[in-house]
Amino acid sequence: MADKTYDVIIIGAGVVGSLVARFLSRYRLDVLVLEKDSDIGTGASSANTAIVHAGYDPIPGSLKAEMNVKGNRMFDQLAGELNFSFERRGDYVVSIGPDEYGKLETLRQQGLANGVPGMVMLDGADVRRREPNINPDVSGALWASTGGICDPFSVVVAAAENAVENGVTLLTDTAFEDFIMEGKRIVGVKTNRGDFGSRWVVNAAGLYSDVVMHKAGLRPEFKIVPRKGEYYVFDKAEMTINNVLFPVPSETSKGIVVTTTIHGNTIIGPNALEIEDKEDRSVTPEGLSEVWQGALKLVPSLSLKYAIAEFAGLRPGGNAPSPNPNIHYNKDFVIEIPKEVQGLVNLGGIESPGLTSSPAIAVRVIELLKDAGEKLEEKPDWNPIRIARPRFRDMLPVEQKLLIQNDARYGRIVCRCENVTEGEIVAEIHAPIPARTYDALKRRTWLGTGRCQGGFDIPRVVEILARELGVSSLEISKKGKGSEFLVRPTKDVETE
Amino acid sequence: MLKQKYDVIVVGAGPAGLAAAIGAKKTGAQDVLVIERAQELGGILQQCIHNGFGLETFKKDLPGPAYAQRFIDELTSLHIDTLLDAMVLDVTSERHVSATSQWSGYVELDARALVLAMGCRERTRAQIALPGTRPAGVYTAGTAQRFVNMEGFMPGKQYVILGSGDIGMIMARRLTFEGAKVERVLEIMPFLTGLTRNYVQCLQDFDIPLQLEHTVKRIIGNERVEAIESVQVDDHRQPIPGTEEVIPCDTLLLSIGLIPENELSRKAGVALDPVTGGPFVDERMQTNVPGIFAAGNVVHVYDLVDWVTEAGLLCGRSAAQHAIAERKHAGRRVRMKGGDNVRYVVPHVLDKESLAESRQRLQMRVTTPIEAPVWVEVMNGDERIVRKADLYARPGEMVSIDIPQSAYDAVQRASELTVRVVRR
Amino acid sequence: MAQEHRTMICITCPRGCTLDVTVEGKTVVKVAGNNCQRGVDYAMAEVTDPRRMVTTTVRVKGGVHPLVPVYTEKPIPKPQIFALLAEARKVELTAPVKFGDIVMENVLGTGINVLASRNIPLKSKAP
């Protein structure tokens, strides 16, 4: 058995695990977060549409609906406390042609049932005025003023960082393998880096939440089927769509969205393809074509010439029936303390609107622990505020000058497309949750995401990482072990 | 030490920028500054260590760095200022340049003429929507070239190269020279896209197979490239099912084209040709924005550096001529300034030569009322140029005074004239 | 002796002329398709003694870069390319290096020197 026993171990440092950690850090608890990857937030949290949903999509009465609307309401305060990028700029569900218009009212009614405030029906002319790039055949839109966009990765980093600053321990490269049980009671977990004792375990394992449940002997029928969504990202210098535009949804999906990132790039996607492999984030010609056709329906003037990136994300879709006996819905979230074992909180099937729901889920976890008899005692010195590090690109020249005067490294631009400086990179490498790989830096600073896709910055970033981490450039990787950029010094041919 | 204002500022110190700076200085520009984002001059030539440069300019077969060195030496001997390891953040149509570096901090400079010589960038896998995973081991040929030739590291052991452009073929030979295996060069077109001589001396000489009408169907491998799947294409460049082949490799190099780098040009209001991706230019390499010139790969992608140099020299000469004219013109301009009890004067600037044509009327408003007879006086320092009498001066009533043609000689001595309205 | 036709592409300049070369044993009888005399010279050399300019890098200590690019001042015999590259790997210079410095003298007994393609100044803090 392990030397140390924690009060709570959280499996998975995605947006759900990180926010649970952050909200738990308020209490006198020893909390440990285990992350199997080299960085936090690398699963569903890193590749999604980055939308904070208003809440008119989920079936009324479902956990998804409740968490979505509650989570949405929490974002202003959360963004203020944790200092991540969030803009409540509203969203549109756009109907094209006369036939689709009727479905908007159905959605609005669903939104009203879910408690979504601030929804307005617009006619075609209104929509054309608000978004000049829209398909001229637009017949109307449901405008939801509470919709928003955020930088989902910065939510994860900010939450996890605030948790760590408030005493939570985070271990990366640490994969859950099994539970340690005493009868029906969980007393710890086995990992690739040894055993850790704990009174509670929170299963926030995302795509692997089914595997974790099964290890505890629970919900054998529960299965996460990854649903792949592919995306295109466009050059912000060439084209900008400033609004979040949804098509009228189908039975299974919200459809191909045309939206903007918080950084100003237009993105389109995702499609929805159920696959088996939980690690298959490859893009396919078929998938991209589906995304392209879907997006053209909303904005016919898009041009593929200006695409600067394609990527795919996996939604951890579950098959759990809703706990609400009054509805028939089989893809609800799992948020529960199961009765069959002691000491486990299950969070499963947290697919879209998972990002929006995550703060509400974290609060629900605390309620569940209290209901289970945990006396959660608040720490008097808990600090809910996390200070963001400077982002050169977003500053006014006068602020940039000051920043450089204080630290000359902010004067050196390393990523030319996104204007990311050496100072920012160094700060992230030495942050409370250090960025140790290229992709970790990319997600935090947005370097390498522009037109040249790292062509310019990769050699420079490799050099800075090697210098700051005190290792050879040969050890610097894109995303952890096995993804090193370089194989040997040019002149060391004999060593092969 | 940087000046605040230069005759010519050149953005980029590749072959075009070096030639432009040299051309400008030799044409008579008094001060020339080159801003370069790398830590040294020369641009991409410093990593192009292969020969084949300078056959036209020097009638010699030189490696890229040697070709650059000749211009760097000349630039140094001409006392041209440089700002290295610096990035230009913004340029305006008035040729106001904002740049930053860890050595200079954030600097703001003005140029009488500005030369855009930012070169081009490589197309990436995204631009051809290359399917598959996103592992380490997918590089543009230029990034790999920098690693191998300048940073001193090999990005892989076993390569497939997509694209038969010159950089791709040259890298195939270079990697072979350093002990790596190049499995294949794939080209989607039915013809070579680079120079035939490079096919001979880079691929044929070393038995590196080239497959025309072939492309990469997908990239395989989660952490690092493990293989690529190639496929033959038909006349419409569409994959032919059944022709797929999995080629094991740890690195995929992309040599799929170059795009002029014009983000700064756009900020300056320079109009771009959608065909070339570069600025519209006239025969002197001037863009649609007066005083802003462009040369080299930023205008259109060249295949010979010698021609880039030629364009750079021409561009530099034009920029210098513009700066010299502007300087001359600036000497003819007198700033008009409000003095005692004058809020402002219109026009703000007066061309001294305008008095050769006609008298010039100045209009202004006073700050505070004077309900008594006043003088309206135009002064060059202590010297009075002209004055007129008014019965009073009120802020609500515009005041005017003419500078007569007889004041021509007196105005020639001035760089600034002050107008005041004072009690008589 | 029987005549043989060989097609080759002249690599002397970027024009890349396709040459139709008539060869008798080791002797070039006729060259067609060339635009200038260099095409004839190239064909003769290609048949009797094919040569290539070789460019590579050698290690350098204490400079602004870990490598300095080098080139053969004249083309060397093609079969000796890889031997030359192996020799180059054994060299380590010390900065500063000047453009034109002889890096390897009379390399492999060819009578040809390998020269530095550029200056490599000492590594200092500011550029």
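Everything below is about the structure printed above this text.
Residues numbered from 1 in each chain as written. Chains lettered and ligands numbered in written order. Predicted model: local features only at pLDDT ≥ 70, side-chain atom pairs only at ≥ 80, totals over all residues. Heavy atoms only, no water.

A. Representation of the overall build of chain C. Of regular secondary structure, chain C possesses two helices and 10 strands. Its helices and strands in sequence order give chain C the pattern β-β-β-α-β-β-β-β-α-β-β-β, from N to C terminus. For chain C, whose C-alpha radius of gyration is 19 Å, the value lies well above the compact-globule estimate of 14 Å for 127 residues. Principal-axis analysis of the C-alpha atoms places the extent of chain C at approximately 65 × 30 × 15 Å. Of all 127 residues assigned to chain C, the portion counted as buried reaches 44%. Long-range contacts, defined as pairs at least 24 residues apart, comprise 47% of the intrachain contacts of chain C with a sequence gap of at least 6. A total of about 6400 Å² of accessible surface is found on chain C, and carbon and sulfur atoms cover 53% of it. (Helix = DSSP H or I, 4+ residues; strand = E, 2+ residues; numbered from the N terminus. Rg over C-alpha atoms; globule rule 2.2 N^0.38 Å. Buried < 20%, exposed > 50% of the residue type's maximum accessible area, 1.4 Å probe, protein only. Contact = heavy atoms within 4.5 Å. Areas by Shrake-Rupley, 256 points an atom, 1.4 Å probe, with all protein chains shown as cover.)

B. Inspection of the interface of chain A and chain B at higher detail. With 57 residues of chain A at the contact, the number on the chain B side is 49 residues. Here chain A meets chain B over a buried area of about 4400 Å², counting both sides, of which 54% is carbon and sulfur. On the chain A side of the interface with chain B, the three residues burying the most area are Arg416, Arg451 and Thr490 of chain A, jointly 13% of the side's total. The closest approach of N and O atoms between Asp85 of chain B and Arg412 of chain A, which form a salt bridge, is 3.1 Å. Where chain A packs against chain B, one counts 23 residue pairs in polar contact (both at pLDDT 80 or more). Those elements giving two or more residues to the side of chain A that touches chain B turn out to be helix H7 (285-298), strand E18 (307-317), helix H9 (397-406), helix H12 (457-469) and strand E23 (488-489) of chain A. In terms of strand pairing, E23 of chain A meets strand E9 (residues 153-154) of chain B through two bridges, oriented antiparallel. Residue pairing in the sheet places Pro489 of chain A in a bridge with Phe153 of chain B of E9 of chain B. (Buried area = accessible area lost by both parts, 1.4 Å probe. Salt bridge = Lys/Arg side-chain N within 4 Å of Asp/Glu carboxyl O. Polar contact = N/O pair within 3.5 Å; in protein donor to acceptor, adjacent residues only side chain to side chain. Pairing = 2+ DSSP bridges.)

C. Quick peek at the pattern of salt bridges. All names here are of chain A. A full pass over the atoms with the stated rule returns 80 salt bridges over all chains. Among the ionic pairs, Glu378 bridges to Arg26, the shortest N-O distance being 3.7 Å. Placement of the pair is Glu378 in the loop between helix H8 (354-371) and H9 and Arg26 in the loop between helix H1 (15-24) and strand E2 (31-34), with a sequence separation of 352 residues. Since its relative accessible area comes to 31%, Arg26 is described here as partly exposed. When the shortest N-O distance is used, the salt bridge between Arg108 and Glu105 registers 3.2 Å. Taken together, the residues Arg108 and Glu105, both in helix H3 (residues 97-114) and three residues apart, mark about one turn of the helix. Judged by its relative accessible area of 23%, Arg108 falls in the partly exposed class. In the salt-bridge network here, residues are joined through shared partners; they are Asp39, Glu161, Arg386, Arg389, Arg391, Glu424, Glu428, Arg443 and Arg444.

D. Local environment of empty space enclosed by the protein. Applying the stated criterion across every chain, the model contains six cavities of 30 Å³ or more. Roughly 390 Å³ of volume is contained in the largest cavity. Residue lining of the second largest cavity: Ile49, His50, Gln145, Asn149, Ile170, Arg173, Arg174 and Phe177 of chain B together with Met53 and Thr55 of chain C, and that is the complete set. When contributions to the lining of the second largest cavity are tallied by element, the ones reaching two or more residues are helix H3 (141-151) and helix H4 (166-177) of chain B. Per-element tally for the lining of the second largest cavity: the top contributor is H4 of chain B, with four residues. Looking at side-chain class alone, the lining of the second largest cavity contains four nonpolar, four polar and two charged residues. (1 Å grid on protein atoms, 1.4 Å probe; cavity = no way out; pocket = protein on both sides within 12 Å on 5 of 7 lines; lining within 4 Å. Points joined across faces, edges and corners; volume = space filled by probe spheres on them. Nonpolar A, V, L, I, M, F, W, Y, C, P; charged D, E, K, R; others polar.)

E. Quick peek at the nonpolar core. In terms of nonpolar packing, the biggest core is built from 64 residues, with Ile425 of chain A, Leu175 of chain B together with Val68 and Val103 of chain C touching the most fellow members. For Leu175 of chain B, the contacting residues outside a window of four places in its chain are Val148, Met154, Tyr159, Ala180, Val182 and Leu253 of chain B. Counting residues in each nonpolar core, the second largest holds 52 residues, with Leu24, Tyr27, Phe86 and Val168 of chain A among its members. (Core = buried A, V, L, I, M, F, W, Y, C linked by side-chain atoms within 4.5 Å.)

F. Layout of the environment of His322 of chain B. Residues and elements named next belong to chain B. Assignment of secondary structure puts His322 in helix H7 (residues 305-331). Judged by its relative accessible area of 18%, His322 is buried. Along the sequence, His322 and Ala38 sit 284 residues apart, while their C-alpha atoms lie 28 Å from each other. Non-local contacts of His322, meaning those with residues more than four positions away in its chain, are made with Arg112, Ala113, Gln286, Pro290, Gly291 and Phe293.

G. Seen up close, the sheet that holds strand E15 (residues 245-248) of chain B. Residue and element names in this part refer to chain B. Judged by pairing direction, the sheet is antiparallel, and its three strands sit side by side in the order E13-E14-E15 without closing on themselves. Bordering the open sheet on either side are strand E13 (214-220) and E15, each of which pairs with just one other strand. With strand direction ignored, the average angle separating the axes of adjacent strands in the sheet is 30°. (Axes fitted to C-alpha atoms, helices over the stretch in contact; angles between N-to-C directions.)

H. Representation of H3 of chain B in the model. Residues and elements named next belong to chain B. Buried residues dominate H3, accounting for 11 of its 11 residues. Three or more residues of H3 are buried, namely Ala141, Gly142, Thr143, Ala144, Gln145, Arg146, Phe147, Val148, Asn149, Met150 and Glu151. Looking at the residues trailing H3, positive phi occurs at Gly152, about 85°.

I. Examining the sheet that holds strand E3 (residues 27-32) of chain C more closely. Residues and elements named next belong to chain C. The sheet built from three strands is open, its strands ordered E1-E2-E3 with antiparallel pairing. Each having just a single partner strand, strand E1 (3-9) and E3 make up the two edges of the open sheet. On average, adjacent strands in this sheet sit at an angle of 30° to one another, irrespective of strand direction. Where strand E2 (residues 18-24) and E3 come together, five bridges link them in antiparallel fashion. Bridged to Thr22 within E3 is Lys30.

J. Molecular detail of the interface of chain B and chain C. If you look at the interface, chain B gives 34 residues, while chain C gives 31 residues. Buried area between chain B and chain C, summed over both chains or domains, comes out near 2800 Å², and the portion from carbon and sulfur atoms is 63%. Between chain B and chain C we count four salt bridges in total. Between Glu40 of chain B and Arg118 of chain C there is a salt bridge, and its shortest N-O distance comes to 2.6 Å. In this structure, the connection of chain B to chain C is made through 14 residue pairs in polar contact (both at pLDDT 80 or more). Here the residues of the side of chain B that touches chain C sort into 14 nonpolar, 11 polar and nine charged.

K. View of the packing of H3 of chain B against H4 of chain B. All names here are of chain B. Between H3 and H4, whose axes approach to 10 Å, the crossing angle comes to 30°. With respect to each other, H3 and H4 are oriented roughly parallel. Remark: the crossing between H3 and H4 carries left-handed chirality. Note on element contacts: H4 touches H3 through Ile167, Gly168, Met171, Arg174 and Leu175, opposite Ala141, Gly142, Ala144, Gln145, Val148 and Asn149. For the contact of H3 with H4, the class distribution of residues is six nonpolar, four polar and one charged. (Parallel < 35°, antiparallel > 145°, perpendicular 65-115°, else oblique. Left-handed = near helix turned anticlockwise from the far one by under 90°.)

L. Here's a closer look at the state of the cysteines. According to the stated counting rule, one finds zero disulfides over all chains in the structure shown. We note that Cys13 of chain C lacks a disulfide partner, and the nearest cysteine sulfur, in Cys17 of chain C, lies 6.2 Å from it. (Disulfide = S-S within 2.5 Å.)

M. Region of the structure containing the side chain of Thr56 of chain C. Along the chain, the position of Thr56 of chain C falls in strand E5 (residues 55-61). One polar contact links Thr56 of chain C to Arg174 of chain B, side chain to side chain, over a distance of 3.4 Å. Apart from the residues lying within four places of it in its own chain, the contact partners of Thr56 of chain C are Lys491 of chain A, Ile49, Arg174 and Glu178 of chain B together with Val68, Pro69, Val70, Leu85 and Ala88 of chain C.

N. The arrangement of the side chain of Asn262 of chain B in detail. All names here are of chain B. With respect to the secondary-structure elements, Asn262 resides in the loop between strand E17 (258-260) and helix H6 (263-267). In terms of polar contacts, Asn262 uses its side chain to reach the backbone carbonyl oxygen of Val298, at 3.0 Å. For Asn262, the residues in contact, after removing those within four places along its chain, are Leu272, Gly277, Gly278, Pro279 and Val298.

O. How the structure looks around the environment of Asp273 of chain B. Residue and element names in this part refer to chain B. For Asp273, the location among the structural elements is in the loop between H6 and strand E18 (292-294). Measuring from C-alpha to C-alpha, the distance between Asp273 and His300 comes to 9.7 Å, with 27 residues separating the pair along the chain. Beyond its immediate stretch of four places on either side in the chain, Asp273 contacts Gly278 and Phe280.

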